Amino acid sequence: MSSLGAWGVSLDEYTLDQFLFVGPRGGGDYYRVAIFAGIHGDETAGVLAAVRFLQELARRPELARGYEVYLYPLCNPTGYEDGTRHSRSGRDLNREFWLGSREPEVQLLEQQIRTLRFDGMISLHADCDSPGLYAFALGAQVTQYVVEPALAAAEKIVPRNLDARIDNFTARNGLIRKGYPGMLCAAPEARPRPFEIVFETPQLAEPDLQVEANLVFLRHALEQYQQLQAIGQDL
Ligand SMILES: [Zn+2]
């Protein structure tokens, strides 16, 4: 574990922590994947899931074969402490990325994202207006071969949101094929673009089930991406 930096809010000091788990060597170069949780402080299932996933990797390193997994389990520590979506400064941190934000959480994460140049980024969220699971995903291949099967596995735990519109976006089978300005994502100059996935659980569902759905989603997403790369190399 390493701390990316610390900042003070009145008399309290907060840190943004990063965990790195290097899996056993796969067939080729390591894929560098980041998992972010808790950028909205009141969405606790993702935070618990990220911590549980780290513990699981320690027990079953095989899950991360061929991966360097960077975990950021708590991206908004003041919001988490206060039980609020926003950070204590009153900002929605997930609308501040790559827009010259002065929020320390955003600046620290931007620095890491720019330096580490991830091959993939997965953000864990929960949505209080959604009756089921859904995901934002960019890139046709990743959507079809990674996100769809991972959603299919997770919906055995918590149902999928099949609405035609979710969160004011056009959706199909719980998939939204776009992002929005200021969301936590790769640096604007990043080429090639990494795969970017935002996974959302229904915040009103049983907390344990949401955590489990996150874990199932993460396991499957890593496995499917690995397979997609292996197939790509054979073509
Ligand atoms: Zn959220």
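Model, not experiment: these values are computed from the prediction.

Caption draft 1: Quick look at the coordination of the zinc ion. Coordination of the zinc ion by the protein involves His 40 (ND1), Glu 43 (OE), Glu 43 (OE) and His 125 (ND1), with metal-donor separations of 2.0 to 2.4 Å. Between the four donor atoms coordinating the zinc ion, the angles at the centre fall across 57 to 150 degrees, so the site counts as irregular.

Caption draft 2: Region of interest: the environment of Pro 181. By secondary structure assignment, the location of Pro 181 is in the loop between β9 (175-176) and β10 (195-202). Taking the relative accessible area as the measure of exposure, Pro 181 reaches 67% and is therefore exposed. Spatially, the C-alpha atom of Pro 181 lies 22 Å from that of Val 33, the residues being 148 residues apart in sequence.

Caption draft 3: Structural detail: the pattern of salt bridges. On inspection of all chains with the given rule, the structure shows 15 salt bridges. One salt bridge in this structure joins Arg 88 and Asp 12, with 4.0 Å as the shortest N-O distance. With Arg 88 in the loop between α2 (77-82) and α3 (104-116) and Asp 12 in strand β2 (residues 12-22), the pair connects residues that are 76 residues apart, well separated along the chain. Glu 96 serves as the salt-bridge partner of Arg 91, at 2.8 Å between the closest nitrogen and oxygen. A single network of salt bridges, built from pairs that share partners, joins Asp 12, Glu 81, Asp 82 and Arg 88.

Caption draft 4: Representation of the side chain of Asn 76 in the model. Note on placement: Asn 76 falls in the loop between β4 (67-72) and α2. For Asn 76, a relative accessible area of 0% corresponds to the buried category. Separated by 3.1 Å, the side chain of Asn 76 and the backbone oxygen of Ile 39 make a polar contact. In this view, Asn 76 contacts Gly 38, Ile 39, His 40, Gly 41, Thr 84, Arg 85, His 86, Ser 87, Leu 93 and Glu 105; residues no more than four positions away in its chain are not counted.

Cut-offs used in this document
- Residues numbered from 1 in each chain as written.
- Predicted model: local features only at pLDDT ≥ 70, side-chain atom pairs only at ≥ 80, totals over all residues.
- Heavy atoms only, no water.
- Donors = N, O, S within 2.8 Å, 3.2 Å for Na, K, Ca; no water.
- Tetrahedral: all angles 85-135°; square planar, octahedral: opposite > 155°, others 65-115°.
- Helix = DSSP H or I, 4+ residues; strand = E, 2+ residues; numbered from the N terminus.
- Buried < 20%, exposed > 50% of the residue type's maximum accessible area, 1.4 Å probe, protein only.
- Salt bridge = Lys/Arg side-chain N within 4 Å of Asp/Glu carboxyl O.
- Polar contact = N/O pair within 3.5 Å; in protein donor to acceptor, adjacent residues only side chain to side chain.
- Contact = heavy atoms within 4.5 Å.

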